[in-house]
Amino acid sequence: MEEIYNELRWNPLLGSWIIVSSGRKRRPWRRGECPFCPGSPETGYGWEVLTLDNRYPALRPDAKISRESNDVYKVEPGYGYCKVVVETPMHEGDLCDIPLETLVKYLRELARVTEELCKDASIQYVIPFRNKGEEIGVSLTHPHSQVYALPFIPPRVAVEMRNMEKYWRDKGECLLCHILRLEREEGSRLLYVNKGFTAFLPFFAMWPYEVHIYANRHVGKLAELSSEELLDLADSLKVVTAMYNNLFGFSLPYMLIFHQRPCKVEAEYFHLHLEFYPVHREKDKLKYAAGIEWGAWTFTYDALPEEKACELRAALKRAINALKNGGYDPRGKPIS
Ligand code: ZN
Ligand code: ZN
Ligand code: FE
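Everything numeric in this text was worked out from a predicted model, so none of it was measured. (Residues numbered from 1 in each chain as written. Chains lettered and ligands numbered in written order. Predicted model: local features only at pLDDT ≥ 70, side-chain atom pairs only at ≥ 80, totals over all residues. Heavy atoms only, no water.)

Caption draft 1: Region of the structure containing the sheet that holds strand S1 (residues 6–11). Pairing is antiparallel across the open sheet formed by three strands, whose spatial order is S2-S1-S4. A single partner strand is all that each edge strand has here, and the edge strands are strand S2 (16–21) and strand S4 (75–77). For this sheet, the mean angle separating the axes of adjacent strands, direction not counted, is 30 degrees. With three bridges connecting them, S1 and S4 associate as antiparallel partners. Its bridge partner being in S4, leucine 8 is matched across the sheet by glutamate 76. (Pairing = 2+ DSSP bridges. Helix = DSSP H or I, 4+ residues; strand = E, 2+ residues; numbered from the N terminus. Axes fitted to C-alpha atoms, helices over the stretch in contact; angles between N-to-C directions.)

This is how it looks when you write it as structure tokens:
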């Protein structure tokens, strides 16, 4: 049998880890057979939201390395966990198609999994994310998210932490609470607000239709949300994904990432938020992270964010009407 290796390789130029794994072959699905539907060998029956182990994980607790370190070529075991959270027994759809109560269960499950994996002494960061659409390489249509538990704090989060901490120290205030205030003051990029959460296209968006959802209260992670706030976050997810799917008249591919406080650092300055990155820039055109974006880590934005926010507001209006026609009563207000 072929050996399976899971290791971290250090990029000494960028000062960051690459997760390397071999033998991660595609699951041998038979055509038409969904691994996440109720009654499959792994799922069984009688659940609404279900967490599974990724069968071919990038990280694993029994990781084996293929070689030793050599000088600045550092190698460490790819220790960690990769989970799949099946969001609903329904085979098709987006978050907006899932009943609110099920979405709350989904969020509670993400919170539970985060807390559980954070307890592992070697885990530094747990990151739930959701990839949707073939453009992002997702072939399984059954609604699901993933959770990676990492033995290090990933670079993007580390950068956010550095800047949040600096702002907290210099100004005695949370940077994201401050951004929330600025977005409310300027108003031109706000999209949807309920009691617990605010959705907006950020001043500093990198993707054309990027949307962030911030907790209105200064909380660091999902596990700190009240029952009412979980309902509000579920409501925000429902409305924002319905908005996306009303933008061009087709189900819009996106990445969704949950940024929570790290496991071991007492980061009081950290403020829970979600980030949506849709990859379209027009109905039939994708925004590629290409030469300047990858080679320089500098994003170009080919419009004014305020213009894109206007487009999203029009889609939001249609989405709210559609949700209401479907019998759903939104907990917040669209901004127009
Ligand atoms: Zn299915
Ligand atoms: Zn805050
Ligand atoms: Fe973030």
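Caption draft 2: Geometry of the coordination of the iron ion (ligand 3). Coordination of the iron ion (ligand 3) by the protein comes from Glu160 (OE), Glu160 (OE), His259 (ND1), His273 (NE2) and Glu275 (OE), over a distance range of 1.9 to 2.5 Å. Mapped onto the polypeptide sequence, the residues donating to the iron ion (ligand 3) form the spacing pattern E-x98-H-x13-H-x1-E. No difference in accessibility class separates histidine 273 from glutamate 275, as the two residues are buried. (Donors = N, O, S within 2.8 Å, 3.2 Å for Na, K, Ca; no water. Buried < 20%, exposed > 50% of the residue type's maximum accessible area, 1.4 Å probe, protein only.)

Caption draft 3: Broad picture of the environment of cysteine 118. Mapped onto the elements, cysteine 118 comes out in helix H1 (residues 100–118). Residue classification places cysteine 118 among the buried positions, given a relative accessible area of 16%. Note: C-alpha distance between cysteine 118 and leucine 150 (32 residues apart in sequence) is 9.3 Å. Among all residues touching cysteine 118, those that are not within four sequence positions of it are Ile123, Val126, Cys263 and Lys264. (Contact = heavy atoms within 4.5 Å.)

Caption draft 4: Here's a closer look at helix H2 (residues 155–171). Here H2 is 17 residues long and its end C-alpha atoms lie 24 Å apart, about the 24 Å a rise of 1.5 Å per residue gives. For H2, every residue scored as buried is listed here: Val157, Glu160, Met161, Met164 and Tyr167. Viewed end-on, H2 has its buried residues packed into an arc of 135 degrees, placing them on one side of the element. Away from the buried face of H2 by more than 90 degrees, exposed residues Arg162 and Arg169 are located. Taken together, the buried residues of H2 touch strand S6 (125–132), helix H3 (175–186), strand S11 (254–259) and strand S12 (273–278). At the exit of H2 stands glycine 172, carrying a positive phi of roughly 65 degrees. (Expected span 1.5 Å × (residues − 1). Arc of directions from axis to C-beta.)

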